[in-house]
Every structure is written in structure tokens, then in C-alpha cells.
Amino acid sequence: MASLQVAGRVQPVDEAVETPLVSAPREPQSLEEAGLAESTVETLILKILYARGDLYGRDLSIAIGLRFSVIQDVVELLKLRHHVQIKRSLGVGNVGAVLALTETGRERAREALEGNRYSGPAPVPLEQYVEVVRQQCPKKGWLTREGLNRALRGMVITEQLLSQIGPAVSSAKSLLLYGKPGDGKTFLIESLNNLDAAPIYVPHAIECQGNIVQVYDPVYHHRLDPEEPEESVLEAVGGEAKHDARWVKCRRPFIVSGGELTLDMLDLRFNDISKVYEAPFQLKANNGIYLIDDFGRQRATPAEVLNRWIVPMERRVDYLSFITGGKMTVPFEAFLVFSTNLNPADLGDEAFLRRIQYKMLLRGPSKAEFVTIFEKFCSANHIPCRREVIERFIERHYNRGGKAFRRCHPRDVLSHALNLIHFEKLQPEITGELLDRAFESCFLQEEDEAPVVESAIIRSPLTPCIDYWKQRTAGIPTRFGRMAYLASFRDRESGGYRDIASECDYTPEETTHTLTALHTTTFREWLAMSVEHQSQDLGGYLATPEGRAAFLSFNHRELTGILAPPGTRDEERDLFRRDMASVMMVLSQTPREQPAPAMEPVLMERTA
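Engineer: Quick rundown of the sheet that holds strand 10 (residues 211-214)? Include the residues and the values.
Structural biologist: Across a sheet, paired strands are connected by hydrogen bonds in the backbone, their directions being either parallel or antiparallel. Spatially, 5-9-10-14-13 is the arrangement adopted by the five strands of the open sheet, whose pairing is mixed. Of all the strands in the sheet, just strand 5 (124-125) and strand 13 (269-270) have a single pairing partner and so form its edges. By the bridge criterion, two bridges tie strand 13 to strand 14 (residues 277-278) in an arrangement that is antiparallel. Bridged to phenylalanine 270 within strand 14 is tyrosine 277.

Engineer: Now, about the confidence of the model for the protein chain: what can you tell me, with residues and values included?
Structural biologist: Parts of the prediction with low pLDDT should not have their coordinates interpreted in detail. Here the protein chain shows a mean pLDDT of 85. Residues at 70 or above account for 89%. Scored below 50 in pLDDT, residues 1-20 shows 51 contacts in the model against residues more than four places distant or in partner chains. The low-confidence segment residues 593-608 (pLDDT under 50) makes 22 contacts with residues lying over four places distant or belonging to another chain.

Engineer: So what's going on with helix 19 (residues 479-487)? Residues and values would help.
Structural biologist: Counting buried positions along helix 19 gives seven out of nine residues, so the element sits mostly inside the fold. You can read the cap of helix 19 off the contacts: a side-chain oxygen lies 3.0 Å from the backbone nitrogen of glycine 481, and it is on threonine 478.

Engineer: Quick rundown of the nonpolar core? Include the residues and the values.
Structural biologist: Ranked by size, the top nonpolar core spans 30 residues in total, and within it Val41, Ile45, Ile64, Leu66 and Ile71 carry the most contacts. Looking at this core, the elements that each hand over two or more residues are helix 1 (31-34), helix 2 (38-52), helix 3 (57-64), helix 4 (68-80) and strand 4 (97-101). Not counting chain neighbours up to four residues away, the residues in contact with leucine 66 comprise Pro28, Ala34, Leu36, Ser61, Ile71, Ala122 and Arg246.

Engineer: So what about the pairing of strand 16 (residues 317-321)? Which residues, and what values?
Structural biologist: Where strand 16 and strand 17 (residues 327-331) come together, five bridges link them in antiparallel fashion. Pairing of tyrosine 319 across the sheet is with threonine 329, part of strand 17. The hairpin formed by strand 16 and strand 17 contains five residues between the paired strands, and glycine 325 there has a positive phi angle of roughly 105°.

Engineer: If you had to explain the packing of helix 19 against helix 21 (residues 531-542) to someone new, which residues and values would you point to?
Structural biologist: Packing of helix 19 against helix 21 leaves a shortest axis separation of 7 Å and a crossing angle of 60°. Within the contact between the two elements, helix 19 uses Arg479, Phe480, Gly481 and Ala484 and helix 21 uses Asp537, Leu538 and Tyr541. Of the residues assigned to the contact of helix 19 with helix 21, the class counts are four nonpolar, one polar and two charged.

Engineer: Please set out the packing of aromatic side chains residue by residue, giving values where relevant.
Structural biologist: Inspection of the entire model under this criterion finds 26 aromatic pairs. Relative to tryptophan 469, the ring of tyrosine 468 has its centre 5.7 Å away and its plane inclined at 85°; by these criteria the two rings are edge-to-face. Each member of the pair, tyrosine 468 as well as tryptophan 469, is classed as buried. The lysine or arginine in question, arginine 269, covers the ring of phenylalanine 281, its NZ or CZ lying 5.5 Å from the ring centre.

Engineer: Go over the pattern of salt bridges, please, and point to the residues and values.
Structural biologist: Within the structure shown, the criterion is met by 36 salt bridges. Note that lysine 87 and aspartate 54 form a salt bridge whose closest N and O atoms lie 2.7 Å from each other. Of the two residues, lysine 87 sits in strand 3 (residues 84-89) while aspartate 54 sits in the loop between helix 2 and strand 2 (55-56), which places them 33 residues apart along the sequence. Among the residues examined, aspartate 54 registers a relative accessible area of 40% and is labelled partly exposed. Between arginine 386 and glutamate 429 there is a salt bridge, and its shortest N-O distance comes to 3.0 Å. Here the residue arginine 386 occupies a position in the loop between helix 14 (367-380) and helix 15 (387-399), and glutamate 429 occupies one in the loop between helix 16 (409-424) and helix 17 (432-442), the gap between them amounting to 43 residues. Taking the relative accessible area as the measure of exposure, arginine 386 reaches 43% and is therefore partly exposed. Each of the salt bridges in this network shares a partner with another, and the network as a whole consists of Asp183, Glu369, Arg406 and Arg407.

Here is what the cut-offs are and how they apply
- Counting from 1, residues in each chain are numbered in the order their sequence is written.
- Where local features are concerned, this predicted model is filtered to residues with pLDDT of at least 70; where side-chain atom pairs are given and counted, the filter is 80 or more; whole-chain, interface and lining totals use all residues.
- Calculation of side-chain values draws on the structure's entire complement of heavy atoms; hydrogens and water are dropped beforehand.
- Two strands pair if DSSP finds at least two bridges between them.
- Under the DSSP-based scheme used, a helix requires at least four consecutive residues in state H or I and a strand at least two consecutive residues in state E, with every element numbered from the N terminus.
- pLDDT: the predictor's confidence for each residue, scored from 0 to 100.
- Contacts between residues were defined by any pair of non-hydrogen atoms, one from each residue, lying within 4.5 Å.
- Three exposure classes are used, based on accessible area relative to the maximum for each residue type with a 1.4 Å probe and protein chains only: buried under 20%, partly exposed in between, and exposed over 50%.
- Within 3.5 Å is the distance limit for a polar contact, defined as a pair of N or O atoms, with the added protein rule that one can donate a hydrogen and the other accept it, and that residues adjacent in sequence qualify only through two side-chain atoms.
- Definition of nonpolar core: a set of buried residues of the types Ala, Val, Leu, Ile, Met, Phe, Trp, Tyr and Cys, connected through side-chain atoms within 4.5 Å.
- To obtain an axis, a line is fitted to C-alpha atoms, over the contacting stretch when the element is a helix, and the angle between two such axes runs from 0 to 180 degrees between their N-to-C directions.
- Asp, Glu, Lys and Arg are counted as charged, while Ala, Val, Leu, Ile, Met, Phe, Trp, Tyr, Cys and Pro are counted as nonpolar; the rest, among them Gly, fall into the polar class.
- Only Phe, Tyr and Trp rings take part, Trp by its six-membered ring, and two of them pair if their centres are within 6.5 Å. Stacked means planes under 30 degrees apart, edge-to-face means over 60, and tilted covers everything else.
- Either the NZ atom of lysine or the CZ atom of arginine qualifies as a charge over a ring when it sits within 6 Å of the ring centre and within 35 degrees of the ring normal.
- Salt bridges, as used here, are contacts in which a Lys or Arg side-chain nitrogen is within 4 Å of a carboxyl oxygen on Asp or Glu.

Listed below in C-alpha cells is the structure:
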């Protein structure tokens, strides 16, 4: 079957989402419409002022998520009870006044915080939350083939795959996606987050049986409206109604749980400090997608996870428990997706699998798909790769090597190839040899008795070459002796330096470079000495048996050519000849009344 490559450009087709925009929750005009008791709003105002300090009435209205006209009577009541006082005013009533807690009000706020520390927007009653979630469920026919194409742009898919995944997504119920590792199950489901679905509204918190459950989570709910809408003082009192500020306009959520999932994450979690409940993942994922990735590898057993959701998947409601023993019935309207590379028969019994609406086996790609994925990855990374190179790679490692095609292989192998190019500073082009090396580093190789391929040995000595030679010459007390010693390793015909011991750890080039530098430095240091010091230095060298033997072996006429390092300037050679002549004259005239002091003999490894 030919592959269908989804391009990134927008095609002139019908809209992906046929559902009309979700109606925003209407802004309540009274506490009755908000579904809140006066005592709930009263304690919330006290906690907000206690936590944030003095606030204008308008800012208090924004913080609590209700128009000031709705909470105005409660503010007046708090003033009469001497819990709230006005510090200053703009002259437009309480909405333009700075409200502050009195000492009595602060005491009352501390008592309220003992119940719970929630001081955010006013909670939404459970009944209103259930109604809005049901209204935001996708309607029949909301997804079209063209819309799904656009969501999967950048992928390489087939007509068959599109026909399988489309109805499952359109139903928004449940899906079991299984197949071999690396065939793109997770990537396929994550791409569904690109669907052009209508936005939804998520409450900051819901209230049930006097308990606060926080639902909005900025980690999973991507907000589409500004956090604090600009509003004039007059609009805070009356004006045209906007959507209920206790709700946040968001993209439809996409939540993923992997191996870290435990059963306690699927129920209400009580915070002992704030005394507020946090909604479980499936509640946060309502009207969106909840993916259980790598199903069967969670900390909870598959049976425990499946048993937890048998009733919710059947009845589309979930039952959550409070620590007080009460229960809360909430809608279960998330598109629940299980993705696994294990055998589904080993994960659950027939009763559970029957409740999963759709089951889909994601098979490995065909050769045409594999090549297309390969070429798309090369194109995305702006690196050329000829088709014959890909064909040779497939023939060697898949057709003859017996490797099965996986959708992740082009990305993995080419990523290794790119790393090799960057590390070894190679030409930015994919070659057959480069792919072979990348393939070997991607996959386990079978251990066999085949002969080991010879490869150049990389020398890695403990010390740098320069330090090694400084240590070898450190025992020679005179500069002339060090100069003669270094010159003994030089080949006068080639100009290079050779030493078998050094070349065991260092390359010949590195040895030559180091000895040239040391020889030149020592030569110039000796030239910089005065004639008196030169005479003493050479006399000390000749006082040793090794020095006398070496000096006697020199042809004095060729002394400059022997001791001068390569690259020495002519003026330096002339200066050396004159200095040697002067030193030899000084030494010949020096009376030898007593023998020279004995010096520690120096081991000469080689003489000129």
C-alpha cells in the first residue's frame, strides 16, 4: 500500500472541527447563580485579604473570580462586623476603596485557615462542573479525515492507518494501541494533541460536601485567556457580562502517565498542610486525552489499574473518595488511551478488554514507509543522502541481516551518524560506511568467533611528551651536557629526532616536535650565558667521564653542526663558534693545580 505523506502546508479542505465553539460558562449575577453559600464567600474574602494584604475592591473581585456587585453585600456585612475596614477610597464606593482586615478580622481569618488554606478564585459547585463537562464533550462527526491529516502532519502514515485511528479518536471513548517497541505508538497519540479542537473551560477548583478540590493545573492545562483581564472600576460593579472568571479557557488537555503511575494518583490526594484536595489525572484530563504509556510497566499491576477503571469506562462516571469517608461522583469524559508493547492477553481479562472500545495493532512499516521516513529525517537535518546508499543499507542490515523494520530506526541510526560527523569533523554527507558504523552503535551485536578487525592503537601516556623529556634531562647538571644529550637523538640526514623508548608512548612526530623545542631552548640559553659562565658550565661537563668521552668523540670542526638544533639562524651559529673558541681558550689557560671536584656521574643513554 502506498504511503500517505502528510505535508506541513494547509490544504484547501473542510475544517477539521465541525463542532461549534463551546459556550463559555455565563458569569453569575448573584451568589445563588454562582451556587455558593454566603459563608463560603465570606471566609474566602477573609483568607484572600489575610494572604495578599490590603486590596482595592476591584482587585478583590478579580482574586475571587466574581463581580464586585455579587460580593458587595458580603463585604458590607464584614464591615458591619468590624472584620474589614476601609483605609482610603477613590470615591466610587467599596469597589474603589482599599479594603483591609481589622484585628478581629485577622483573628477570624486565622480560624478560617484552620479549615483549609485555599485562597484562590471561588470554587465551582460540583453540579455546575458536571453540567459544563457534559456540554464540552465532542459531538458526533466532530472529526474529519482532513482534520486528522493535518494533526498528523510531519508523520508518514498509510491510508489503512488513518482509517483505523480516525474512528477511535472521533468516538473519544477508549483505545488500546499495541505493537512492537519503536513503531511510533506514543508519537502517534501525542500527535493527536495537534487536532484543531475547540477550547474548553476548566475550573480553578470545585466544591463538594464542604471540600475544595483543585482542578486547574498549569502543567497540563494550557491557558488561552489572560490571567487577570483588564477591567475598569465601573465594569467590576455592573456592565456587560463576560464568562465566569472562576473558569479558565484552555486547550483540551493531553496528559501522559508512564511507569511512575500508582493507584493513589487515580484518586483524590489530600494535602495535609493546605487541607485541599488535588484532582487525579483522569479528572484533569476531562474533555481531553489521557495516555497510559508503556502500559503493564507501572508500579501498580495491570490488574489493579484495569479494575480501577472498569466501572468508569462502562458508565462514564468516576467515584472519588474524601478522607472523611464521603464520595464524589464526577464525569469520566477523557479519551483514555492505553499504549503497550506487551501482549494484551497478558494484561487483562476479556471483561476489561471488552470495555475498551477500540483495539488497534500498530504494525511495523513497509519498505516504502521506511525509506520515506529515512529521507524525511535527512531533509529535516539538511544533510544529503543518496537513494542508492539507503538501498544498500537496507539490503545489508535488513534483507540479509534479518532485522525487522521499525519506525524509530531511521531517526536512531541517523542521529548516531550525525554524532559521528560532528565528532570526527567529517563531510556532512551520509555514506554507506557511516551508516554501518552508526548501525553497530545502535543495536546489540552477536558475539561470534570472527577475527577482530585490526585498528590503529591510540597512544595515551600518563604524562605529556614535554614533561616526559624534562624528567629525562633533569639529572644532567650542566646546560652543555643537556644540549649534547638532546643533540645525540638527532638524525643529521633527516633532521628529525628518534628514540625507541619515547616512541613506545608517543608518536614519532610528537617526539621530534618536543625534542626540537627543548634542544632549541637549551641551545639559546647556553648562548645567553657569559663566557665565564659558559667556561664553568663546559668545564663541569668535561669533568664527568661521560662528558669527556662524548667531547672526545666530537669532530671539533663540525661541532656547531652537531650541537646546533635545526632551524638555527646563521648569526646564532656564528656566535656559537666564537663562544666555543673563547671558552676553549679560557679552559686551556686555566691552571689545574688540583683535580676538579668529583661530580655525580650522569647516565648517558647515547653519545653523538
